[in-house]
Amino acid sequence: MQTAALANPLRGLPGTFALCLAVLASGLAAIYQATAGGTAFTTETLRRTAIAQAPMAVPDFGVVDAHGRTQALRQLVGQDGRVWIVDFVYTRCTTLCLALGTVFQQLQAQIVAQGLQQQVGLLSISFDPLQDQPPALAEYAARMRMQADVWQLVSLRSEADRRGLLDSFGIMVVPAPLGEFEHNAALHIVGPQGRLVRILGLGEGAEALDLARTLAAARPLPAP
Amino acid sequence: MATLAPPNTAEPAGRVSALAAGLTALVAVALSVPPLRPLIEQSMVWHMLVQMPLLVLAGWWAATAWAPQEGLRWNRFGLTGLMLAQCITAYWMIPAMIDRAVVMPSADAAKIASLALAGFALRLGLRQAPLAAQLFFVGYGLPMLIWLGWYMASTDLRLCNAYSLESQLRAGWGLVGLAGALGLGWVVSLRHLLADPGSGVFEIDLQRR
């Protein structure tokens, strides 16, 4: 063995180089495949890329509003042809949801100012059905100064649907200090036929409204 | 042709390494299953700075205990081992993959197996690598670790949906510290060679296997 190596010092080198290249190529291929071609390195960007490429029908769960009225989520977002900008909240929130609330308040003001109530709606869905019963929803709606014709707030009817709702939208909720939750917050555009077509960041309120208005303008006219 | 040598567990050092590999692997795998799993699910520090390094360490010690003492033929200058370790560790530094290991059991299993393999490969790589090759991979890998840690600690963007920003911040500083410790350990491992200019460590010796 040693003598063979001494006789030919290059012994094993071509094989080593070939193997190294194979390892490198496999590694790069795995990373390329896992990051949508090197474009998305976080779960959040992967989620947004996937939805932009392949819109998804929203799941069909029963939701309940501040008045205790129950309806199906798909029916809620599909009933009047409006395009919805959806976010996820829990009403006890004092951190990120407040930022979300501010974004939604600004969107609400713009929708009213531009007279877009028939075209674009805002929908906040609580992922904390245990705490967010109708009275808590009503209190939150008042605190946020929601206008019923623009901004709807609903909670899940059943705790059992929580997992399915979060999984289908790709929301991960993690416990944070002081009994709060932290979650990936974004603006979800749900277009005609109740399909989630795009996910935008919190800072992209103007783009979200533009996109919603465009989608609403392109929708088929409701039957007379 | 180097085939897998019989375990050198007869030697005391080999036996200690085998024991260390087994214990480390046990603790690392235990962190992925109840009742310890919540630790890595809720804390990025436990996931990235305890479990992942333990997995690499388990592979490292397994190589010390069971890998053949002589150099492997297709690992000249340790290149294959170092490359494999580099690719695997880079993959598990991607935030989306860290998330996936938290929510998908199959990804978590892949993480366990591949990081242990990375430790095994790293040991075989470093053992056969001349200083130049070590310098190349250490000079690439440690700055990568420091950059990621620095970025995690300084951005206000949550990189992993599975972890809070606070957890990410602590893990970020931890990664910078880990990189520093690894760098220091590497320099210490070279002390005999550096102290002896005649050791040939500064040359790439084609006779070396």
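Residues numbered from 1 in each chain as written. Chains lettered and ligands numbered in written order. Predicted model: local features only at pLDDT ≥ 70, side-chain atom pairs only at ≥ 80, totals over all residues. Heavy atoms only, no water.

A.B. asks: Looking at this structure, how should I read the overall build of chain A?
C.D. replies: The secondary structure content of chain A amounts to 8 helices and 10 strands. Whereas a compact globule of 224 residues would reach a radius of gyration of roughly 17 Å, chain A reaches 24 Å, over 25% beyond that. Seen through its C-alpha atoms, chain A measures out along the principal axes to roughly 90 × 45 × 30 Å. In chain A, which comprises 224 residues, the share counted as buried stands at 46%. Sequence-distant contacts, at least 24 apart, represent 68% of the contacts inside chain A between residues at least 6 apart. Summing over all exposed atoms, chain A offers an accessible surface of approximately 10600 Å²; the carbon and sulfur share of this is 60%. One way to put it: in chain A the 16 positive side-chain charges average out to a point 5 Å from where the 17 negative ones average out. (Helix = DSSP H or I, 4+ residues; strand = E, 2+ residues; numbered from the N terminus. Rg over C-alpha atoms; globule rule 2.2 N^0.38 Å. Buried < 20%, exposed > 50% of the residue type's maximum accessible area, 1.4 Å probe, protein only. Contact = heavy atoms within 4.5 Å. Areas by Shrake-Rupley, 256 points an atom, 1.4 Å probe, with all protein chains shown as cover. Lys, Arg positive; Asp, Glu negative; His and termini not counted. Charge placed at Lys NZ, Arg CZ, Asp CG, Glu CD.)

A.B. asks: Would you mind showing me how to read the overall build of chain B here?
C.D. replies: Counting its secondary structure elements, chain B contains 9 helices and 0 strands. Here the contacts in chain B between residues at least 6 apart in sequence split such that 77% fall between residues at least 24 apart. Accessible area for chain B stands at about 9900 Å²; split by element, carbon and sulfur atoms hold 74% of it.

A.B. asks: Mind showing me how you'd approach helix 5 (residues 95-103) of chain B here?
C.D. replies: Each α-helix winds once per 3.6 residues, and so residues spaced three or four apart point in a common direction. Buried residues dominate helix 5 of chain B, accounting for 7 of its 9 residues. Inspection of helix 5 of chain B places Pro95, Ala96, Met97, Ile98, Asp99, Ala101 and Val102 of chain B among the buried residues, and these make up the whole buried set. Considering only its buried residues, helix 5 of chain B is in contact with helix 2 (13-34) and helix 3 (43-53) of chain A together with helix 2 (37-42), helix 3 (44-66), helix 4 (79-91) and helix 6 (105-128) of chain B.

A.B. asks: Could you clarify how one ought to interpret the environment of Gln128 of chain B in this entry?
C.D. replies: You can see Gln128 of chain B is positioned in helix 6. One polar contact links Gln128 of chain B to Asn75 of chain B, side chain to side chain, over a distance of 3.0 Å. (Polar contact = N/O pair within 3.5 Å; in protein donor to acceptor, adjacent residues only side chain to side chain.)

A.B. asks: Is there a simple way to think about the packing of helix 7 (residues 131-154) of chain B against helix 8 (residues 165-189) of chain B in this case?
C.D. replies: Two numbers describe a pair of packed helices, the interaxial angle and the distance between the axes. All names here are of chain B. Between helix 7 and helix 8, whose axes approach to 7 Å, the crossing angle comes to 160 degrees. One way to sum up the angle between helix 7 and helix 8 is to call them roughly antiparallel. Once helix 7 is placed against helix 8, the crossing between them reads as left-handed. Of the residues in helix 8, those touching helix 7 at Leu131, Gln134, Leu135, Val138, Leu142, Leu145, Ile146, Leu148, Gly149, Trp150, Met152 and Ala153 are Gln168, Leu169, Ala171, Gly172, Trp173, Leu175, Val176, Leu178, Ala179, Leu182, Gly183 and Trp186. Residues of the contact of helix 7 with helix 8, tallied by class, amount to 19 nonpolar, 5 polar and no charged. (Axes fitted to C-alpha atoms, helices over the stretch in contact; angles between N-to-C directions. Parallel < 35°, antiparallel > 145°, perpendicular 65-115°, else oblique. Left-handed = near helix turned anticlockwise from the far one by under 90°. Nonpolar A, V, L, I, M, F, W, Y, C, P; charged D, E, K, R; others polar.)

A.B. asks: Explain the pattern of salt bridges here, please?
C.D. replies: Side chains that differ in charge, positive against negative, can pair when their charged atoms come close. Residue and element names in this part refer to chain A. On inspection of all chains with the given rule, the structure shows 13 salt bridges over all chains. The closest approach of N and O atoms between Glu44 and Arg48, which form a salt bridge, is 2.9 Å. Residue Glu44 and its partner Arg48 are located together in helix 3, separated by 4 residues, close to a single helical turn. For the salt bridge of Asp210 with Arg213, the shortest nitrogen-to-oxygen distance reads 2.8 Å. Placement of the pair is Asp210 and Arg213 together in helix 8 (residues 205-218), with a separation of 3 residues, close to one helical turn. Assessed through its relative accessible area of 40%, Asp210 is described here as partly exposed. (Salt bridge = Lys/Arg side-chain N within 4 Å of Asp/Glu carboxyl O.)

A.B. asks: Any chance you could explain the interface of chain B and chain A here in plain terms?
C.D. replies: Much of the literature gives interface size as the accessible area that the parts lose upon coming together. If you look at the interface, chain B gives 32 residues, while chain A gives 33 residues. In this assembly, chain B packs against chain A so that about 2900 Å² is buried in total across both faces, 66% of it on carbon and sulfur atoms. Here chain B and chain A share 1 salt bridge between them. Across the pair Arg158 of chain B and Glu182 of chain A runs a salt bridge whose closest N-O atoms are separated by 3.4 Å. Here chain B is connected to chain A by 10 residue pairs in polar contact (both at pLDDT 80 or more). (Buried area = accessible area lost by both parts, 1.4 Å probe.)

A.B. asks: Can you help me understand the nonpolar core in this one?
C.D. replies: Generally speaking, soluble globular proteins have nonpolar side chains that are buried together. The biggest cluster of nonpolar side chains holds 42 residues, and the ones touching the most others in it are Met44, Met48, Trp92, Met97, Met152, Tyr163 and Leu175 of chain B. Those elements that provide at least two residues to this core are helix 2 of chain A together with helix 3, helix 4, helix 5, helix 6, helix 7 and helix 8 of chain B. (Core = buried A, V, L, I, M, F, W, Y, C linked by side-chain atoms within 4.5 Å.)

A.B. asks: Any chance you could explain the side chain of Arg47 of chain A here in plain terms?
C.D. replies: All names here are of chain A. In this structure, Arg47 sits in helix 3. Taking the relative accessible area as the measure of exposure, Arg47 reaches 9% and is therefore buried. Among the polar contacts listed, one links the side chain of Arg47 to the side chain of Glu44, at a separation of 2.7 Å. Non-local contacts of Arg47, meaning those with residues more than four positions away in its chain, are made with Phe169, Gly170, Ile171, Asn184, Ala186, His188 and Ile199.

A.B. asks: Sorry, what's going on with the sheet that holds strand 6 (residues 151-156) of chain A here?
C.D. replies: All names here are of chain A. Reading across from one edge, 1-10-9-4-5-6-2-3 is the order of the 8 strands in this open sheet, with mixed pairing throughout. Among the strands making up the open sheet, the edge pair consists of strand 1 (56-57) and strand 3 (70-72). When strand 1 meets strand 10 (residues 195-200), the two strands line up antiparallel, connected through 2 bridges. Residue pairing in the sheet places Met56 in a bridge with Leu196 of strand 10. With respect to the sheet, helix 8 is in contact with strand 4 (83-89), strand 5 (120-126), strand 9 (187-191) and strand 10, its orientation differing from that of strand 4 by roughly 140 degrees. (Pairing = 2+ DSSP bridges.)

A.B. asks: Mind showing me how you'd approach the pairing of strand 9 of chain A here?
C.D. replies: Remember that side chains alternate between the two faces of the sheet whenever the strand is regular. All names here are of chain A. Where burial is concerned, most of strand 9 is hidden: 5 out of the 5 residues are buried. The sheet contact formed by strand 4 and strand 9 spans 3 bridges and is antiparallel. Each residue of the ladder has a partner; that of Ile85, found in strand 9, is Ile189. Relative to strand 10, strand 9 is paired through 5 bridges, and the arrangement is antiparallel. Across the sheet, the residue bridging to His188 is Ile199, located in strand 10. Linking strand 9 back to strand 10 in an antiparallel pair, the connection comprises 3 residues, with Gln193 at a positive phi of about 65 degrees.

A.B. asks: How should I be thinking about unusual backbone geometry in this particular structure?
C.D. replies: When glycine is set aside, most residues are seen to have a negative phi, and most peptide bonds are trans. Cis peptide bonds are those with omega within 30 degrees of zero, and the linkage from Pro34 of chain B to Pro35 of chain B qualifies with 5 degrees. For Arg145 of chain A, which is not glycine, the phi torsion reads 55 degrees and is therefore positive. Mapping Arg145 of chain A onto the fold places it in the loop between helix 6 (134-143) and strand 6. Arg145 of chain A sits in the exposed class, given a relative accessible area of 64%. The backbone of Phe77 of chain B shows a phi angle near 55 degrees, a positive value even though the residue is not glycine. One can find Phe77 of chain B in the loop between helix 3 and helix 4.

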